[in-house]
Amino acid sequence: GENVEQHPSTLSVQEGDSAVIKCTYSDSASNYFPWYKQELGKRPQLIIDIRSNVGEKKDQRIAVTLNKTAKHFSLHITETQPEDSAVYFCAASKGGVTGGGNKLTFGTGTQLKVEL
Amino acid sequence: GAVVSQHPSRVICKSGTSVKIECRSLDFQATTMFWYRQFPKQSLMLMATSNEGSKATYEQGVEKDKFLINHASLTLSTLTVTSAHPEDSSFYICSARRAGESTEAFFGQGTRLTVV
């Protein structure tokens, strides 16, 4: 099955700096890669996603890049703010397959702390 | 929007009793729902895939007789933790995809189960 690795496990940055979180996946058939932000005790919230037919996607301060050949994808947050502090999870699945075949496999998570 | 509601949000039960958790898609139909368990400071681990009108598919290592899943309609899946023990204490989260779609998953708000 799919295996998703995520680094770093913790990340501290100064407010205004950029933060980068990296993930690798093992299954070359995976083609949908979402990123979730989870605050303590709350549900994961989708912040950005990318499909394998594109290499980069941006939404304001957040961007995701995908390297299919190397099987890794990264989350980039620019101009970080204290409210960006949370746990971030990457995930991978086989989009295009309905039902249980497209289950999400999550990375281990990154605790991001934005310091004033 | 796509809203998934999970109930209850918190439950405390005595060891040996059973607890039922509901996951509802409020404004869309979901032929497939997913149940995750998340221990403190850890990632979301998929327990099972719930398929409307058929048996759930359990991940390796998850006891199907202990974690009963029923998906009787296109908007409701239930997870019953039977004969709960303190080690079952965890955060349980469901997610659902719109019927016929294969990518974005919508999460419930989670259920914090404490077994005493």
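Bear in mind that the values here come from a model prediction, so they are computed numbers and not experimental data. (Residues numbered from 1 in each chain as written. Chains lettered and ligands numbered in written order. Predicted model: local features only at pLDDT ≥ 70, side-chain atom pairs only at ≥ 80, totals over all residues. Heavy atoms only, no water.)

A. Layout of the pairing of strand S9 (residues 86-92) of chain A. Residues and elements named next belong to chain A. With six of its seven residues buried, S9 lies for the most part within the structure. Where strand S4 (residues 32-38) lies against S9, four bridges are found, and the strand directions are antiparallel. Residue pairing across strands places Tyr36 opposite Phe89, the latter belonging to S9. With three bridges joining them, S9 and strand S11 (residues 110-115) adopt antiparallel strand pairing. Of the residues in S11, the one forming a bridge with Val87 is Gln111. Bridge count between S9 and strand S10 (residues 105-106): two bridges; the pairing is antiparallel. Each residue of the ladder has a partner; that of Ala92, found in S10, is Thr105. (Buried < 20%, exposed > 50% of the residue type's maximum accessible area, 1.4 Å probe, protein only. Helix = DSSP H or I, 4+ residues; strand = E, 2+ residues; numbered from the N terminus. Pairing = 2+ DSSP bridges.)

B. Local environment of the sheet that holds strand S1 (residues 4-7) of chain B. Residue and element names in this part refer to chain B. Strand order in the open sheet formed by four strands is S1-S3-S8-S7, and the pairing between neighbours is antiparallel. Each edge of the open sheet carries a strand with a single partner, namely S1 and strand S7 (67-73). Averaged over all pairs of adjacent strands, the angle between strand axes in this sheet comes to 15°, irrespective of strand direction. In the sheet, S1 pairs with strand S3 (residues 19-25) via four bridges, with the strands oriented antiparallel. Its bridge partner lying in S3, Gln6 is registered against Cys23. (Axes fitted to C-alpha atoms, helices over the stretch in contact; angles between N-to-C directions.)

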